[in-house]
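Below are the chains, spelled out letter by letter.
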Amino acid sequence: MQVSSISSILKGTPESGQKVRVQGWIRTRRDSKAGLSFLAVHDGSCFDPIQVVVESSIEHYESQVLKLTTGCSVDIEGELKPSEGKGQSVEILASRLEVVGWVDDPETYPMSPKRHTFEYLREHAHLRPRTNVSGAVARVRNCLAHAIHRFFYEREFLYVHTPLITASDCEGAGELFRVSTLDMQNLPRNDKGAVDYSKDFFGEETFLTVSGQLNVESYCQSMSRVYTFGPTFRAENSNTSRHLAEFWMVEPEIAFADLSDCADLAEEMLKYVFKAVLEERADDMAFFAQRVDKEAISRLESIINASFVRVDYTDAIRILEECGEKFEFPVSWGIDMASEHERYLAEKHFKKPVIVMNYPKDIKAFYMRQNDDGKTVAAMDILAPGIGEIVGGSQREERLDRLDQRMDEMDIPKEHLDWYRDLRRYGTVPHGGFGLGFDRLVTYVTGMANIRDVIPFPRTPKNVAF
RNA sequence: UGGGAAUUAGCUUAGUGGUAGAGCGCCUGGCUGUUAACCAGGAGGUCCUCGGUUCGAGCCCGAGAUUCCCAGCCA
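The following paragraphs examine the structure supplied in this document. It should be emphasised that the depicted structure is a prediction, and the values quoted were computed from it without experimental measurement.

Thoughts on the sheet that holds strand E9 (residues 206-208)
Sheet strands pair via backbone hydrogen bonds, and the direction of the pair is either parallel or antiparallel.
Then, in step 1: Pairing within the open sheet is antiparallel, and its 3 strands lie in the order E7-E9-E8. Looking along the sheet, the strands with just one partner apiece sit at the ends: strand E7 (165-166) and strand E8 (178-179).
Then, in step 2: Direction of pairing for E7 relative to E9: antiparallel, over a ladder of 2 bridges. Bridging from a neighbouring strand, Ile165 pairs with Leu208 of E9.

Printed below as a string of structure tokens:
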């Protein structure tokens with residue numbers, strides 16, 4: 001007999017009165033000595049489990065059904081019928097129940113049916129998808145990823161698979177993880193005593209990428225509208241609730257575009273995916289609003305229906321200077337804003353996502369386009385309440401002479417970036433894009449407090465156990 | 001990487017230098033179309049590790065490990 005997902009059953013297929021078969025795992029078992037057991041069975045297809053009623057007349061009731069505990073896997077057939085109890089509309093009256101896998105020792109089963117701390121769940125990352133919260137996060141994460149691809153596909157963007165291994169170490173986005181096949185116990189040396197990377201796999205030093213942007217720009221210069229969506233790596237010793245050593249980033253790049261076009265794209269994309277998650281994962285979002293963050297749903301609704309605030313860096317600094325708030329780090333034009341400043345703008349002053357534009361050139365990357373004022377570059381950050389920077393983007397410097405000038409000023413070696421400079425030599429166009437921290441997006445949408453709880457197996461300093 | 005906090009039963013935790021406590025979970029029994037079920041009973045402890053002070057250390061001191069929070073770096 002064909003297996004139905006619990007999601008499709010709760011949506012009405014098959015209909016009440018028909019035979020159904022489900023496969024899943026026991027969440028809880030409650031017995032009535034009057035001769036019934038109630039099983040909550042889930043299969044991950046939606047937030048809710050389905051209630052299965054098992055009468056004592058079923059085969060192996062005493063020896064098996066009464067021994068079922070949280071986590072056991074089962075294969076059940078029965079009749080779908082309206083529930084006689086409160087709390088669910090339909091339930092399955094079981095006619096056959098097969099225990100596929102038992103739980104060895106119910107007392108020490110780590111996912112016992114009770115509340116667990118997030119720290120505890122992280123230590124059991126392989127079992128935490130069995131919990132309500134991790135399951136809901138997984139479905140929302142999936143929904144967001146799918147919506148992002150859909151958003152770009154509908155707008156004729158090309159999804160480009162940029163490389164994860166790179167020789168460029170000068171993108172200025174942080175410390176890199178080395179990639180090497182050299183024998184660490186016996187490193188080849190050159191005549192100066194330095195490690196001889198010409199003996200390494202690629203014949204030179206290589207690293208895991210910190211961004212796909214430079215590569216995706218190459219495709220942008222032919223395909224017009226492109227994006228990459230993949231893992232990126234930063235070897236920073238960051239110990240915060242919003243940093244990962246391995247995280248996923250969405251990086252669109254558009255040709256014949258300026259900074260304002262980039263900001264428009266980012267805003268449109270965020271609204272699109274917020275709308276998608278509210279429509280497609282209403283069950284999980286209701287759970288987050290109830291148990292994790294009261295504002296989880298209302299926050300997204302209010303953002304969908306309003307424009308993001310756009311403010312020039314120079315004006316943002318003035319707001320901070322004149323607000324009367326005591327900051328740990330003093331505010332003046334030219335500073336790289338600290339968390340407290342970004343939080344003040346997003347959480348207290350504007351109380352919604354803020355797009356800060358046109359930053360001082362000295363605190364931004366070499367590839368960002370210089371503005372005519374000689375002081376700023378066409379860069380933007382989107383600051384989200386509770387998260388901080390969720391998007392960072394810019395219009396890129398499309399003029400080769402200006403790009404070279406910035407590379408010289410910032411001591412960026414050119415030998416690995418001749419190909420990037422070529423893009424300005426042959427049919428250059430104004431273009432730009434942004435990077436969206438996908439895991440930060442999931443954190444923001446769900447209202448979860450820690451980014452380590454929105455990615456299946458978080459990589460942070462001293463943590464690669466799974 | 002800096003500053004702070006934490007580590008006691010399967011989990012969450014209380015614990016005042018002198019016999020190790022609770023709630024939940026688990027097991028057993030009772031009760032009930034149950035749904036955070038309820039009632040009664042029971043089992044369950046390397047008090048993070050090493051060293052020190054003390055007649056005596058879960059508690060005081062030192063070192064280490066790990067985790068969390070804040071900050072920095074960023075997405």
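Examining the protein's contact with RNA strand B
Then, in step 1: Neighbouring residues of RNA strand B: 53 residues in total, closest Lys86, Glu91, Thr240, His243 and Arg440.
Then, in step 2: Taking all atoms of RNA strand B within 4 Å of the protein, the share assigned to sugar and phosphate is 47%.
Then, in step 3: Ser32 places a polar main-chain atom, nitrogen or oxygen, 3.5 Å from a base oxygen of RNA strand B.
Then, in step 4: Note that a base oxygen of RNA strand B is positioned 2.6 Å from one of the side-chain N or O atoms of Asn239.
Then, in step 5: Within the residue set of the surface near RNA strand B, elements represented by two or more residues are strand E1 (19-32), strand E2 (36-42), strand E3 (50-55), helix H2 (118-123), strand E11 (246-255), strand E15 (388-395) and strand E16 (431-437).
Then, in step 6: At 4 residues, the largest contribution of residues to the surface near RNA strand B is made by E15.
Then, in step 7: Residue composition of the surface near RNA strand B, grouped by class: 13 nonpolar, 21 polar and 19 charged.

Digging into a nonpolar patch on the surface
Then, in step 1: On the surface, Leu164, Ile165, Phe201 and Phe202 cluster together into a nonpolar patch covering about 390 Å² of accessible area.
Then, in step 2: Structurally, Phe201 is set in the loop between E8 and E9.

Digging into the environment of Leu93
Then, in step 1: Structurally, Leu93 can be placed in strand E5 (residues 90-101).
Then, in step 2: In this structure Leu93 comes out as partly exposed when scored by relative accessible area, which is 22%.
Then, in step 3: When residues no more than four places from it in sequence are discounted, the contact partners of Leu93 are Val53, Glu55, Glu77, Gly78, Glu79 and Lys81.

Concerning the nonpolar core
Then, in step 1: Counting residues in hydrophobic clusters, the biggest one holds 91 residues, and the most contacted among them are Ile76, Leu97, Phe288, Met380, Leu436 and Leu441.
Then, in step 2: Take this core: its biggest share by element is 13 residues, from helix H5 (residues 259-280).
Then, in step 3: For Leu441, the contacting residues outside a window of four places in its chain are Leu144, Ile148, Leu270, Val273, Phe274, Ile390 and Leu436.
Then, in step 4: In this structure, Val311, Met337, Tyr344 and Ile412 belong to the second largest nonpolar core, which totals 31 residues.

Remarks on the pairing of strand E4 (residues 73-82)
Then, in step 1: E4 sits mainly inside the fold: 8 of its 10 residues count as buried.
Then, in step 2: Pairing geometry for E1 and E4, over 7 bridges, is antiparallel. Each residue of the ladder has a partner; that of Val22, found in E4, is Ile76.
Then, in step 3: As paired elements, E4 and E5 share 10 bridges and run antiparallel to each other. Pairing of Glu79 across the sheet is with Leu93, part of E5.

Observations regarding helix H9 (residues 339-349)
Then, in step 1: What H9 keeps buried is the set His341, Glu342, Tyr344, Leu345 and Ala346.
Then, in step 2: Here the buried face of H9 lies against helix H8 (313-322), strand E13 (354-360), strand E14 (376-384) and E15.
Then, in step 3: Positive backbone phi, at 60 degrees, marks Lys351, one or two positions downstream of H9.

Describing the sheet that holds strand E10 (residues 225-233)
Then, in step 1: The 8 strands lie next to each other as E6-E10-E11-E16-E15-E14-E13-E12, forming an open sheet whose pairing is mixed. Both outer strands of the open sheet, strand E6 (158-159) and strand E12 (309-312), are each paired with one neighbouring strand and no more.
Then, in step 2: Relative to E14, E13 runs antiparallel, the two sharing 6 bridges. When the bridges of E14 are listed, Tyr359 appears paired with Val377.
Then, in step 3: Its contacts with the sheet place helix H3 (residues 132-154) against E6, E10, E11 and E16, and it is angled at close to 150 degrees to E10.
Then, in step 4: Set on the sheet, H9 makes contact with E13, E14 and E15; between it and E14 the angle comes to about 65 degrees.

A word on the packing of H3 against helix H12 (residues 438-446)
Then, in step 1: It is at 10 Å that the axes of H3 and H12 come closest, and there the two elements cross at 120 degrees. As the angle between them shows, H3 and H12 are arranged oblique. Between H3 and H12 lies a crossing of right-handed hand. Residues Val137, Val140, Arg141, Leu144, Ala145 and Ile148 of H3 pack against Phe438, Asp439, Leu441, Val442, Val445 and Thr446 of H12.
Then, in step 2: Of the residues that constitute the contact of H3 with H12, the class distribution is 9 nonpolar, 1 polar and 2 charged.

The rules behind each value
- Residues numbered from 1 in each chain as written.
- Chains lettered and ligands numbered in written order.
- Predicted model: local features only at pLDDT ≥ 70, side-chain atom pairs only at ≥ 80, totals over all residues.
- Heavy atoms only, no water.
- Pairing = 2+ DSSP bridges.
- Helix = DSSP H or I, 4+ residues; strand = E, 2+ residues; numbered from the N terminus.
- Near = heavy atom within 4 Å.
- Polar contact = N/O pair within 3.5 Å; in protein donor to acceptor, adjacent residues only side chain to side chain.
- Nonpolar A, V, L, I, M, F, W, Y, C, P; charged D, E, K, R; others polar.
- Patch = residues over 30% accessible without salt bridge, like charges linked within 9 Å, V, L, I, M, F, W, Y side chains within 5 Å.
- Areas by Shrake-Rupley, 256 points an atom, 1.4 Å probe, with all protein chains shown as cover.
- Salt bridge = Lys/Arg side-chain N within 4 Å of Asp/Glu carboxyl O.
- Buried < 20%, exposed > 50% of the residue type's maximum accessible area, 1.4 Å probe, protein only.
- Contact = heavy atoms within 4.5 Å.
- Core = buried A, V, L, I, M, F, W, Y, C linked by side-chain atoms within 4.5 Å.
- Axes fitted to C-alpha atoms, helices over the stretch in contact; angles between N-to-C directions.
- Parallel < 35°, antiparallel > 145°, perpendicular 65-115°, else oblique.
- Left-handed = near helix turned anticlockwise from the far one by under 90°.

As far as function goes, none of this settles anything; it's purely spatial.
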